[in-house]
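Now for the letters of each chain:
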Amino acid sequence: MLKVEGVYQSYRRSGLLRRTNHEVLRNIGFEWEKGECLGIIGESGSGKSTLGRLLLGIDKPVRGSITFDGKPIADRKTRRGAISAVFQDYTSSINPFYTVRQAILEPLRLRKSENESFDFGSLLREVGLDESYLDRYPHELSGGEAQRVCIARAVASKPACILLDEAISSLDGSVQMQVLELLRNLRETFGMGYIFITHDIQAAAYLCDRMMIIRGGEIEELVRTEELANVQSPYAKELLRKVIS
Ligand SMILES: Nc1ncnc2c1ncn2[C@@H]1O[C@H](COP(=O)(O)OP(=O)(O)OP(=O)(O)O)[C@@H](O)[C@H]1O
C-alpha cells in the first residue's frame with residue numbers, strides 16, 4: 001500500500017528584492033491500495049505533476065511522509081518493483097540513441113545472461129507491438145508506438161503501481177482510446193494498479209476506481225468514480241459541469 005501523510009511541497013521564487021516560498025502542495029494525505037486505479041485530476045498548475053514526482057521519489061516533500069508497504073519511497077530499494085512511470089513526453093522519455101530493445105532493458109539492470117533470455121516477444125505483444133520493433137530507434141516510431149514502448153518499459157519490471165502523468169494527452173483521439181484500452185487490458189493481465197494523472201476527467205473516469213480532485217495544491221474531493229456525479233464542493237461540481245456540457 002502507498003501511504004501519503006501530511007505532505008507539503010514548496011518552491012523558492014526569486015523576486016526583485018527577496019526570495020519567497022511558493023507553496024505548491026498542502027496537507028496531502030491519502031492511501032492507494034494495490035491493484036487500484038486512482039485518478040488525480042485538476043486544472044493546470046494545481047500541483048498534479050509535483051505530487052507525481054513526490055510519489056515516484058524523484059523529489060522529496062518539505063514536510064510529511066510517503067511510504068510503500070511501510071518503507072520510505074525516497075529509498076531506491078523501496079521503489080524497485082513497487083512503482084514505475086510513464087510521462088507525457090514519450091519522445092524525450094526514450095534515449096534517441098537507444099533501440100526499443102535497449103530502452104526496455106535500461107531500467108531493469110539485468111545481468112547479461114538474463115538480458116539474453118528476456119522475453120521481449122510476449123511483452124511487446126502485450127502492448128500491441130511485436131519483435132520487429134526491437135531494433136528500431138525512437139524516430140522510427142509513431143507517437144502511439146513510442147508511448148506503447150514506454151508502457152512496455154514500465155510494465156517490464158512488473159511493478160505494483162504504474163504512475164501515468166498525462167501519458168495519453170499528446171496522442172490523437174483514436175490512439176488515446178487504444179492506449180486506454182491497453183492499460184485496462186494490462187491491468188487485467190498483470191493485476192497491477194495505476195495512478196493516472198490527467199486533466200481529462202473522461203479518460204480518468206474510463207480507467208479509474210477512485211478520483212482525487214486537486215485544487216490549488218489541496219485535495220478538494222476524493223470519491224469513487226461511480227459517485228463522481230455526487231461531488232459536494234462547488235469547485236468540483238463546476239469542474240464536472242464543464243466536462244459534461
Ligand atoms: N521545479 C519547480 N520550481 C518552481 N516551481 C515549480 C516547480 N515545479 C512546479 N512548480 C510550480 O508548482 C505549481 C504546480 O505545478 P505542477 O506542474 O505540479 O501542476 P500541474 O497540475 O501538473 O499542471 P499541468 O496540468 O499544467 O501540468 C505551478 O505553479 C508551477 O509553476
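Residues numbered from 1 in each chain as written. Predicted model: local features only at pLDDT ≥ 70, side-chain atom pairs only at ≥ 80, totals over all residues.

Examining the nonpolar core
Then comes step 1: With 67 residues, the main nonpolar core has Cys-161, Ile-195 and Phe-196 as its most contacted residues.
Then comes step 2: When residues in this core are grouped by element, the largest group, eight residues, is from helix 7 (residues 143–156).
Then comes step 3: For Ile-195, the contacting residues outside a window of four places in its chain are Trp-32, Leu-38, Ile-40, Leu-55, Cys-161 and Leu-163. (Core = buried A, V, L, I, M, F, W, Y, C linked by C-beta atoms within 7 Å. Buried ≥ 20, exposed ≤ 12 C-beta atoms within 10 Å, placed from the backbone. Helix = DSSP H or I, 4+ residues; strand = E, 2+ residues; numbered from the N terminus. Contact = placed C-beta atoms within 7 Å.)

Side note on the environment of Ser-157
Then comes step 1: Mapping Ser-157 onto the fold places it in the loop between helix 7 and strand 7 (161–165).
Then comes step 2: The class for Ser-157 is partly exposed, based on 16 C-beta atoms found within 10 Å.
Then comes step 3: Along the backbone, Ser-157 and Gly-143 are 14 residues apart, and their C-alpha atoms lie at a distance of 23 Å.
Then comes step 4: When neighbours within four sequence positions are excluded, Ser-157 is seen to be in contact with Gly-81, Ser-84, Pro-107 and Leu-108.

Focus: the sheet that holds strand 5 (residues 71–72)
Then comes step 1: The strand order across the open sheet built from four strands is 2-1-4-5, with neighbouring strands paired in antiparallel fashion. The open sheet has two free edges, formed respectively by strand 2 (19–32) and strand 5, since each of these has just one partner strand.
Then comes step 2: Looking at chain direction, strand 1 (residues 2–14) and strand 2 are connected through 10 bridges and run antiparallel. Paired with Ser-14 across the strands is Arg-19, a residue of strand 2. (Pairing = 2+ DSSP bridges.)

Concerning the sheet that holds strand 6 (residues 83–87)
Pairing between sheet strands relies on hydrogen bonds along the backbone, with the strands arranged either parallel or antiparallel.
Then comes step 1: Judged by pairing direction, the sheet is mixed, and its six strands sit side by side in the order 6-7-8-3-9-10 without closing on themselves. Looking at strand neighbours, the two that pair on one side only are strand 6 and strand 10 (218–224), the edges of this open sheet. Adjacent strand axes in the sheet meet at a mean angle of 15°, parallel and antiparallel pairs treated alike.
Then comes step 2: As paired elements, strand 9 (residues 210–215) and strand 10 share six bridges and run antiparallel to each other. (Axes fitted to C-alpha atoms, helices over the stretch in contact; angles between N-to-C directions.)

Observations regarding the site of the ligand
Then comes step 1: Near the ligand you find Tyr-11, Val-24, Gly-42, Ser-44, Gly-45, Ser-46, Gly-47, Lys-48, Ser-49, Thr-50 and His-199, and these make up its full shell.
Then comes step 2: It is helix 1 (residues 48–55) that provides the largest number of residues to the shell around the ligand, a total of three residues.
Then comes step 3: The residue makeup of the shell around the ligand, split by class, is two nonpolar, eight polar and one charged. (Near = placed C-beta within 6 Å. Nonpolar A, V, L, I, M, F, W, Y, C, P; charged D, E, K, R; others polar.)

Here we look at the confidence of the model for the protein chain
Then comes step 1: Here the protein chain averages 90 in pLDDT, and 96% of its residues register 70 or above.
Then comes step 2: Predicted complex metrics record ipTM = 0.95 and pTM = 0.90. (pLDDT = per-residue confidence, 0-100.)

Thoughts on the pairing of strand 3 (residues 37–41)
Then comes step 1: Burial analysis of strand 3 places five of its five residues in the buried class, the great majority of the element.
Then comes step 2: With burial as the criterion, each face of strand 3 is covered, one bearing Cys-37, Gly-39 and Ile-41 and the other bearing Leu-38 and Ile-40.
Then comes step 3: Summarising the sheet, strand 3 and strand 8 (residues 193–198) pair through five bridges and their orientation is parallel. By the bridge assignment for strand 8, Ile-41 is matched with Thr-198.

Regarding the environment of Pro-61
Then comes step 1: Tracing the backbone shows Pro-61 in the loop between helix 1 and strand 4 (63–68).
Then comes step 2: The exposure class of Pro-61 is buried, given the 21 C-beta atoms found within 10 Å.
Then comes step 3: It is 9.0 Å that separates the C-alpha atoms of Pro-61 and Leu-25, two residues lying 36 residues apart in sequence.
Then comes step 4: Once you skip the residues sitting within four places of it in the chain, Pro-61 turns out to touch Val-7, Tyr-8, Gln-9, Leu-54 and Ile-66.

A word on helix 7
Side chains that are three or four residues apart share a direction in an α-helix, a result of its 3.6 residues per turn.
Then comes step 1: For helix 7, with 14 residues, the first-to-last C-alpha span of 20 Å sits near the 20 Å given by 1.5 Å per residue.
Then comes step 2: Taken across its 14 residues, helix 7 has 11 buried, putting it largely inside the fold.
Then comes step 3: When we look at burial in helix 7, the residues that qualify are Ala-146, Gln-147, Arg-148, Val-149, Cys-150, Ile-151, Ala-152, Arg-153, Ala-154, Val-155 and Ala-156.
Then comes step 4: Buried residues in helix 7 make contact with strand 6, helix 3 (90–93), helix 4 (100–105), helix 6 (120–126), strand 7 and helix 8 (173–190).
Then comes step 5: Lys-158 sits one or two positions beyond helix 7 and adopts a positive phi of about 50°. (Expected span 1.5 Å × (residues − 1).)

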